[in-house]
Amino acid sequence: MGGLVARALLTLKNFKPELINILITQATPHVAPVMPLDKYLTDFYTAVNNHWILKAQDLRNLTTLSVAGGFRDYQVRSGLAFLPRLSQHDSALSVVSSAVPRAWASTDHLSIVWCKELILATIRAFFDLIDENTRQITEDPKKRMSVLNHHFVRHPAKIFEENPEVFTELTGAFIWITVKASKWTYSVYNDSDGKYFTFPLASHRKSYSHFYCENSMLDTSSWIYGCINSSSSMCLEATDLSWNAELLPTTKVVILKLQDYTSLSHIVIQVPPTVGNKYTLDCEFFKEDSRTVQLPVTHLFSFGLSSSKILLNSTGLLYNVQLQHFNQIYQAFKIYIESHCQSLKERKPNVYRLHIPWSHEDSLIVAKVPSSTEISAKLHIAQPQNDSRVPELNIYSSSDCQYEVILKTSLTQVLGQIIRFHAGALPVYIVSNILLTYGGQLSTLLSTGIAYWSGVVFSTSLRLFSSLWLTLMRPTVLQKEKLITPRRLCGVLSLALVSWTTCGAFAVFIIYLQYLFKVIKLHVNVRAEQNMLSGDSGHSKETSQNSSIHTVKRQSSMDSISEATQSPPNSTTVDEAINSLRMHVTILNLFTWIVLLNLPSLIYWLKNLRYNVRLDPDPCRSTAIVIVCILEILMNSSTSEVKSSKLLKIAAKVPLPLSVAMLAFGRMHLYKVPHFVTFSLLLHVLCCIV
């Protein structure tokens, strides 16, 4: 949240935006809160993001970098950490840690701040951002973005230079060797002589479209050049092409599109003396179409039973597998790559990269050859509507090897994506189901079930609590209680005062515990009365003499339970108590979710209690006062009072439109869910009174 607070500084009236020229955030949910449980929090997000959109022109000199943790961050999904797309998109950059050069790993929400690879990338960027003249962060926004792209997006395996020299002169007592083959490998160990290998382009332009080369030396020196003016034995004028290279975990590679370099006559690769080191080069000319294959992804409902596969008989060093129709966040796949080689000679490790073209969220995996590798393919951001590019699986392969790529839908990963993106709306659907059941109970005053899993857990917990209560306390007689008494009025005023002076969530929690004990007590009493009624029905077939003796014994046992009980329980009274219990269980189930949604405010108040007794601002203060008044009446109500009410028909029909409205407005704003529930409970209170 510190990243969001930093962005919020610019919304202050007296704050000068020119005081900040670069902002780097880590695992910050910029788009929206992870769980919108608080109106103040959602309003804060709206104010910050709207300000950045409206003041985009004023903030064009501020360079912003957001680094997300990837799929290991279970607290903040990376899609929320991507900065909103603004008009000044050229000054904002969002990346996932798995795509950051020299890091190439996902981090959880805590380790992102101490991940050494990310720390080093950030420190190197800060050093390169320093202006040599002012000894401060550079004022040039283009240089700032160049530095960030250099360290966080595409690293060319060179030290950053603001204005690299375009032309250079290749000098030194190096041996010049001309390579005319379209595919070439050079490997040497402990060579004291330096070499220049030249590749003439005239003979290859007509047959090939690209040039590719791998260099095993991970130093930061220039190593590949384009020859503009050459003689028979050397390059008279050259341009440095190393800036087009890219650093991978085990090698640095360069891909050149030949039609972009029509002025070049040769490509020159410099191999320095390798004293005590092993040096390997692999280069080739190739056609793009011959190295690009299309693999349609399997359907979501294939459940992993079907698969898509291709077989690559590798004759080159690079293959691009385009994953067709892979563009939605609910899609998730397992990609299996089996590599088999004809010979058992030592080979360089393979690098597999899942490249997502519309966002910087690539993931890289290094695998031995031969091997069996499993890759998870899923998205942090869905494909934008105006983007037609396709995700790719880049295979940096070994020649003379065979690669089998198998893609299957992963059901567990699909469920994981659904939870990752939509778990925040789960409470809305559960409460909506319970609210519909509550409306049905008001209509029929009969049990029709509650939201299944929450109902199972809740009813099981209630049975355990009631069993514990039975072992500690004696059950009392079922009897009606007055809805409003001076004692209860004092309780309402006391809890309202607690809500106003301390924390509304605290008052809600207290009334929740009071309601819970009330329902447990009612559950215990109903069980005791049901047991006695079942005992009566079991002995109804006996003789009248035995029946009268049994009645005396049962009455004596009832006397031990309650001195006020002198007659057997009435089945009508027990049935009414059962209906009331079912109604109270549903209400308490609804109320449980209200407590859970207000729990963050209670936790925050408890943690800051040593500083201030009153939570200010309190997002649930007014709601808490209303809920306290409602529940104090409802916990003492019964179904007999509701049946005779003229408002019952209205109260029974209201939960349906309320549940629809909850689904429409509550998924993005969870703090609105208690309002819908409170309104329905308010009608129930009116039914008890009127």
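This report concerns the structure included in the present document. (Residues numbered from 1 in each chain as written. Predicted model: local features only at pLDDT ≥ 70, side-chain atom pairs only at ≥ 80, totals over all residues. Heavy atoms only, no water.)

Each helix and strand in the chain was counted, giving 17 helices and 23 strands. Relative to all contacts within the chain whose residues are 6 or more apart in sequence, the contacts with residues 24 or more apart total 78%. (Helix = DSSP H or I, 4+ residues; strand = E, 2+ residues; numbered from the N terminus. Contact = heavy atoms within 4.5 Å.)

Taking 1.5 Å as the rise per residue, helix H17 (residues 673–689) with 17 residues should run 24 Å; its terminal C-alpha atoms sit 25 Å apart, in good agreement. For H17, the buried fraction is high: twelve of the 17 residues fall into the buried class. Turning to H17, its buried residues are Val-673, Pro-674, Phe-676, Val-677, Thr-678, Ser-680, Leu-681, Leu-683, His-684, Val-685, Cys-687 and Cys-688. (Expected span 1.5 Å × (residues − 1). Buried < 20%, exposed > 50% of the residue type's maximum accessible area, 1.4 Å probe, protein only.)

One pass over the structure, following the stated rule, counts three disulfides. For Cys-213, the disulfide goes to Cys-283, at an S-S distance of 2.1 Å. Of this pair, Cys-213 sits in strand E8 (residues 210–215) while Cys-283 sits in strand E14 (residues 274–286); the two residues are 70 residues apart in sequence, bridging distant segments of the chain. Per residue, the accessibility class of Cys-213 equals that of Cys-283, and both read buried. Disulfide partner of Cys-341: Cys-401, at an S-S distance of 2.2 Å. Across the disulfide from Cys-341 to Cys-401, rotation about the S-S bond amounts to roughly 95°, and the bridge is consequently right-handed. One end of the pair, Cys-341, is in strand E18 (residues 332–341); the other, Cys-401, is in strand E23 (residues 401–409), and 60 residues separate them in sequence. The exposure class assigned to Cys-401 is buried, which follows from its relative accessible area of 4%. The connectivity of the disulfides in the chain is 1-4, 2-3, 5-6, where the numbers refer to bonded cysteines in sequence order. (Disulfide = S-S within 2.5 Å.)

All right, on to the sheet that holds strand E3 (residues 92–96) then. Spatially, three strands are ordered E1-E2-E3 in an open sheet, and the strand pairing comes out parallel. In the strand order of this sheet, the two ends are held by strand E1 (22–26) and E3, each with one partner. Taken pair by pair, the neighbouring strands of this sheet meet at an average axis angle of 10°, ignoring direction. In terms of strand pairing, E1 meets strand E2 (residues 63–68) through five bridges, oriented parallel. Counted as the bridge partner of Ile-22 is Thr-63 from E2. (Pairing = 2+ DSSP bridges. Axes fitted to C-alpha atoms, helices over the stretch in contact; angles between N-to-C directions.)

Our next topic: the packing of helix H13 (residues 621–634) against H17. Axis separation between H13 and H17 bottoms out at 10 Å; the angle between their running directions is 35°. In terms of crossing hand, the pair formed by H13 and H17 is left-handed. Facing Thr-623, Val-626, Ile-627, Ile-630, Leu-631, Ile-633 and Leu-634 of H13, the residues of H17 in contact are His-675, Thr-678, Leu-681, Leu-682, His-684, Val-685, Cys-688 and Ile-689. Residues that form the contact of H13 with H17 fall into these classes: eleven nonpolar, four polar and no charged. (Left-handed = near helix turned anticlockwise from the far one by under 90°. Nonpolar A, V, L, I, M, F, W, Y, C, P; charged D, E, K, R; others polar.)

Per the counting criterion, the structure on display carries 13 aromatic pairs. When the ring of Trp-176 is compared with that of Tyr-196, the centres are 4.7 Å apart and the planes differ by 35°; the resulting orientation is tilted. Within this pair, whereas Trp-176 is found in strand E5 (residues 175–178), its partner Tyr-196 is found in strand E7 (residues 195–200), the two being separated by 20 residues in sequence. Taking relative accessible area as the criterion, Trp-176 reaches 24% and is therefore assigned partly exposed. The buried category is assigned to Tyr-196, whose relative accessible area is 2%. Ring pairs connect the aromatic residues Trp-184, Tyr-186, Phe-197, Phe-199, Tyr-208, Phe-211 and Phe-285, which therefore count as one cluster. Sitting over the ring of Trp-243, Lys-158 keeps its end group 5.0 Å from the ring centre. Between Lys-378 and the ring centre of Phe-71, over which it is positioned, the NZ or CZ distance is 4.5 Å. (Phe/Tyr/Trp six-rings, centres within 6.5 Å; stacked < 30°, edge-to-face > 60°. Lys NZ or Arg CZ within 6 Å of the ring centre and 35° of its normal.)

Another aspect to go through is the environment of Tyr-515. Structurally, Tyr-515 is set in helix H10 (residues 504–538). Separated by 120 residues in the primary sequence, Tyr-515 and Met-635 place their C-alpha atoms 6.0 Å from one another. Once you skip the residues sitting within four places of it in the chain, Tyr-515 turns out to touch His-584, Ile-587, Leu-588, Leu-631, Leu-634 and Met-635.

The full count for this structure, using the stated rule, is eleven salt bridges. The salt bridge involving Asp-43 is made with Lys-39; its shortest N-O contact spans 2.9 Å. A residue pair is termed a helical-turn pair when its members lie 3 or 4 positions apart in one helix, as Asp-43 and Lys-39 do in helix H2 (residues 39–54) at four residues. For Lys-39, a relative accessible area of 44% translates into the label partly exposed. (Salt bridge = Lys/Arg side-chain N within 4 Å of Asp/Glu carboxyl O.)

Another aspect to go through is the packing of helix H4 (residues 116–129) against helix H5 (residues 141–152). At a minimum axis separation of 9 Å, H4 and H5 run at an interaxial angle of 155°. In terms of their interaxial angle, H4 and H5 are classed as roughly antiparallel. The two elements H4 and H5 meet at a crossing, and its hand is right-handed. Two secondary-structure elements touch here, H4 through Ala-121, Thr-122, Arg-124, Ala-125, Asp-128 and Leu-129 and H5 through Lys-143, Arg-144, Val-147, Leu-148, His-151 and Phe-152. Of the residues in the contact of H4 with H5, the class split is six nonpolar, two polar and four charged. (Parallel < 35°, antiparallel > 145°, perpendicular 65-115°, else oblique.)

Turning next to the environment of Thr-298. Note that Thr-298 resides in the loop between strand E15 (292–296) and strand E16 (307–313). Separated by 35 residues in sequence, Thr-298 and Phe-333 place their C-alpha atoms 8.3 Å apart. A polar side-chain atom of Thr-298 sits 2.6 Å from a polar atom in the side chain of Thr-409. (Polar contact = N/O pair within 3.5 Å; in protein donor to acceptor, adjacent residues only side chain to side chain.)

Here His-30 shows up in the loop between E1 and H2. Among the polar contacts listed, one links the side chain of His-30 to the side chain of Arg-7, at a separation of 3.2 Å. At 2.9 Å, the side chain of His-30 forms a polar contact with the side chain of Thr-25. Each residue touching His-30, except ones within four places of it in the same chain, is listed here: Gly-3, Leu-4, Arg-7, Thr-25, Tyr-45, Asn-49, Ser-66, Leu-80, Ala-81, Phe-82, Leu-83 and Pro-84.

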